[in-house]
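Residues per chain, in single letters:
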Amino acid sequence: MEVLTLQFGHFANHVGAHFWNFEDECAALQDATPEEQRDENDFDFERLHSQTEHRGVLSWNPRLVLVDKKGALGSWCSNPAEQAELQEEAAHSVLWDYGKETHEADRVEVHDFQQDLEADDYEQWAQAGDSSQWQGDEDRNDDYGEGMDVDAAGPSDGIDRPSVMKPTKDYDFRSTVRTWTDFLKIKLPGSSVHELQACHHDVQPFSLFFDGLAIRGRADEEKAVDLARKQLELCDQLDSLHTIVDMYDGFGGVADVVLRWAQEEQPKSGRLVFAVMPELPPPPEPPCEGEDDANGGGVFGAAAPAAVGGPDVEGCAWLSAAFSLTRLLDTGVDAWAPMAVPLWSAQGPPSLPGLRREVPYESSALIGVALQNVTLPYRLKGSQRPSSFLSALTPSHRPVCGILQAFPLPESPAQPSPEHGGNGGQCRQTLDSLSSHFFDLCAMPVGLMNQHTSLVLRGASPRRLVSLCSALPPPALRLSFCREAVLPMPLPFPQVFGPAVSRKGILAEASYPSVAPRDESQEVVSAPVATRLHAASGAGRSVALGRMAVAARSAWKSGVSRLLESKYGVEGDEFREVV
């Protein structure tokens, strides 16, 4: 019962990078635990990963299809030799009788973290000589020695060298990360990645849902669907799909194309969609009179944003999100959670005062934690089918849901000791008492007696789960889950925790006088976390859905609908359905 992950868009891939970093960290800890000490409900990594053998070496690769714009992957390259061969073949295919001349662009500099990670992996591989690898491309061993002195390391000198990895603060990810590949720990195989050839990162506009639909019938559609087909063939029984998609631009359309193919191939599989949106950029300055717009090849030219509903790109973003949701409802989605950073509270999570929401590397980390925790109940050995769990999260044909997250989750307050009239145990705690620690990732009110609620705790006991679920309806308890092991923090995770958070993620509050505040030189290595997923049908009106309706209604009344009809063939009935 495997799960395939689909990632569409630049911000979605930021979220995915954090998620796979968590997977890598959990796998390393589980592998390092002696067999006799392991939990019978350990992670079942075969659900989200596939195992392949190449030249006698076993490799674990994520079951993943990833799509981004051309040039958005930074220094990542699946196989340099293969890329050079393809470029040479393309050059010879041109009908030209006067020879050719090749111009090579400057290589993108590899991030310091990636350089150290490669050197550290090579050290461990050379010394251990192990025939299995948790992460990596089947071709990674061919490139280990490139750019490093192979003779200076390896089993020949018999020296056990320490890791070259530095603390998180030394890499200064906030200032140095250019794209999500800079902080990704795992090595992605080329069979999971596609760069849109028709759209270049930071060069060509890709601002509307319909720009993504334009890949239909083109090479980009064939390649994306082919990657999904190959991943499907690696599964014995594909049970569910995880989709992370940029809902605010053309990648919503790309996701629609691939998910419709998946619906035809696997109509009974479960579907979880995280529709994400980063902090939107400031509106561009209008061109001078008589000057052509630099993005004249865009959706509507310079007048587009103002026509859609505002002086910036916000109207376009919410209009795309509206069409994306409306079309995805036809693909059998079980749960659809809108994660729009612009709708987050300005105060931010109480325990993360250093978070800068305008930095994609940091804001995407919170969504990555949510995805890691929400899906935990069916990623363990002996757990239920993912599709059964996902189908129970929301009412039929009403997949919209919200997510609250307490990160870190405070410990249960201790009762007074016997000499002070208590029993020294734990006080009974409710969700209401923890409300100030939960951060709303979806800007959606919570219903008091919503039976479609799933509470997942990491780093908490079953007794505490029962206590927190005491005010929820009985069906919600069946969807709730806990795991006593805390969530480990990968090295690239943003260290934006406040000083009140200890090294192990415990909040130093009045209830815990024995917990001392963390020193500034220390980093948080683990943390308990709680997520509360709740269906929108049992709550108040979603702010995200309201923004979508306003943008669609404004575009319809302002005449943008006629522009969409002339450029993309969008009929009025489609607008009425969205509104």
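For the structure given in this document, a descriptive report is provided here. Fair warning: this is a prediction, and the values are worked out from it, not measured in the lab.

### Notes on the overall build of the protein
In terms of regular secondary structure, the protein is built from 17 helices and 16 strands. In the protein, once contacts between residues fewer than 6 apart in sequence are set aside, the share between residues at least 24 apart is 80%. Looking at the protein as shown, the accessible area adds up to about 26,800 Å², and 49% of this sits on carbon and sulfur atoms.

### Thoughts on the pattern of salt bridges
Under the counting rule described, the total for this entry stands at 18 salt bridges. In this structure, Lys185 and Asp24 form a salt bridge, with 3.0 Å as the shortest nitrogen-oxygen distance. Of this pair, Lys185 sits in the loop between helix H5 (173–176) and strand S6 (193–200) while Asp24 sits in helix H1 (residues 10–32), and the two are 161 residues apart along the sequence. A salt bridge links Arg385 to Asp239; the nearest nitrogen and oxygen atoms lie 2.7 Å apart. Placement of Arg385 in the loop between helix H11 (360–374) and helix H12 (386–391) and of Asp239 in strand S7 (residues 238–246) is noted, with a sequence separation of 146 residues between them. Taking the relative accessible area as the measure of exposure, Arg385 reaches 35% and is therefore partly exposed. According to the relative accessible area criterion, Asp239 is buried, its value standing at 2%.

### Quick notes on empty space enclosed by the protein
All told, the structure shown has three cavities of 30 Å³ or more when counted by the stated rule. Here the largest cavity is characterised by a volume of approximately 60 Å³. Contributing elements (two or more residues each) for the lining of the largest cavity: strand S1 (2–8), helix H7 (219–233), S7 and helix H8 (251–265). Tallied by class, residues from the lining of the largest cavity come to nine nonpolar, one polar and one charged.

### Quick notes on the sheet that holds strand S10 (residues 401–406)
Here five strands make up an open sheet; going across it, the order is S11-S10-S16-S12-S13 and the pairing mixed. Single-partner strands in this sheet number two, and they are strand S11 (438–440) and strand S13 (481–483). Between one strand axis and the next, the sheet turns through 15° on average, direction left out of account. As paired elements, S10 and S11 share three bridges and run antiparallel to each other. Each bridged residue has a counterpart across the sheet, and for Leu404 the counterpart in S11 is Asp440. Strands S10, strand S12 (453–458) and strand S16 (529–535) of the sheet are contacted by H11, whose axis makes an angle of about 80° with S16.

### With respect to the pairing of S12
Counting buried positions along S12 yields six of six residues, so the element is predominantly enclosed. Every second residue of S12 is oriented toward a common face, with Thr453, Leu455 and Leu457 on one face and Ser454, Val456 and Arg458 on the other, all of them buried. Sheet topology note: the S12/S13 ladder contains three bridges and is parallel. Residue pairing in the sheet places Val456 in a bridge with Phe481 of S13.

### A closer look at the sheet that holds S6
Spatial ordering of the open sheet is given by S6-S4-S1-S7-S8-S9, a layout of six strands whose pairing is parallel. Edge positions in the sheet fall to S6 and strand S9 (335–340), since each has one partner strand and no second. Taken over all neighbouring pairs, the strand axes of this sheet differ in orientation by 15° on average, direction set aside. Relative to S6, H7 is tilted by about 170°, and along the sheet it contacts S1, strand S4 (64–70), S6 and S7.

### A short note on the packing of aromatic side chains
This structure, assessed with the given rule, holds 18 aromatic pairs. Taking 6.4 Å as the distance between ring centres and 20° as the angle between the ring planes, the aromatic pair formed by Phe209 and Phe323 counts as stacked. Of this pair, Phe209 sits in helix H6 (residues 209–213) while Phe323 is found in helix H10 (residues 314–328), placing the two residues 114 residues apart along the sequence. For the pair Phe209 and Phe323, one class covers both residues: buried. An aromatic cluster is built from Phe113, Tyr171, Phe173, Phe183 and Tyr361, whose rings are joined through pairwise contacts. Directly above the aromatic system of Phe43 lies the positively charged group of Arg483, at a separation of 4.7 Å from the ring centroid. Between the NZ or CZ atom of Lys567 and the centre of the ring of Tyr568, over which it lies, the distance is 5.6 Å.

### Let's talk about the environment of Leu280
If you trace the backbone, Leu280 turns up in the loop between strand S8 (270–277) and helix H9 (304–308). Each C-alpha atom of the pair Leu280 and Glu314 lies 7.2 Å from the other, and the pair is 34 residues apart in sequence.

### What about the packing of H10 against helix H15 (residues 543–558)?
Contact pair H10 / H15: the axes reach a minimum separation of 8 Å and the direction vectors enclose 105°. Taken as axis vectors, H10 and H15 run roughly perpendicular relative to one another. Of the residues in H15, those in contact with Glu314, Gly315, Trp318, Leu319, Ala321, Ala322 and Leu325 of H10 are Ala544, Leu545, Arg547, Met548, Ala551, Ala552 and Ala555. For the contact of H10 with H15, the per-class residue count stands at eleven nonpolar, one polar and two charged.

Rules used throughout
Residues numbered from 1 in each chain as written. Predicted model: local features only at pLDDT ≥ 70, side-chain atom pairs only at ≥ 80, totals over all residues. Heavy atoms only, no water. Helix = DSSP H or I, 4+ residues; strand = E, 2+ residues; numbered from the N terminus. Contact = heavy atoms within 4.5 Å. Areas by Shrake-Rupley, 256 points an atom, 1.4 Å probe, with all protein chains shown as cover. Salt bridge = Lys/Arg side-chain N within 4 Å of Asp/Glu carboxyl O. Buried < 20%, exposed > 50% of the residue type's maximum accessible area, 1.4 Å probe, protein only. 1 Å grid on protein atoms, 1.4 Å probe; cavity = no way out; pocket = protein on both sides within 12 Å on 5 of 7 lines; lining within 4 Å. Points joined across faces, edges and corners; volume = space filled by probe spheres on them. Nonpolar A, V, L, I, M, F, W, Y, C, P; charged D, E, K, R; others polar. Pairing = 2+ DSSP bridges. Axes fitted to C-alpha atoms, helices over the stretch in contact; angles between N-to-C directions. Phe/Tyr/Trp six-rings, centres within 6.5 Å; stacked < 30°, edge-to-face > 60°. Lys NZ or Arg CZ within 6 Å of the ring centre and 35° of its normal. Parallel < 35°, antiparallel > 145°, perpendicular 65-115°, else oblique.

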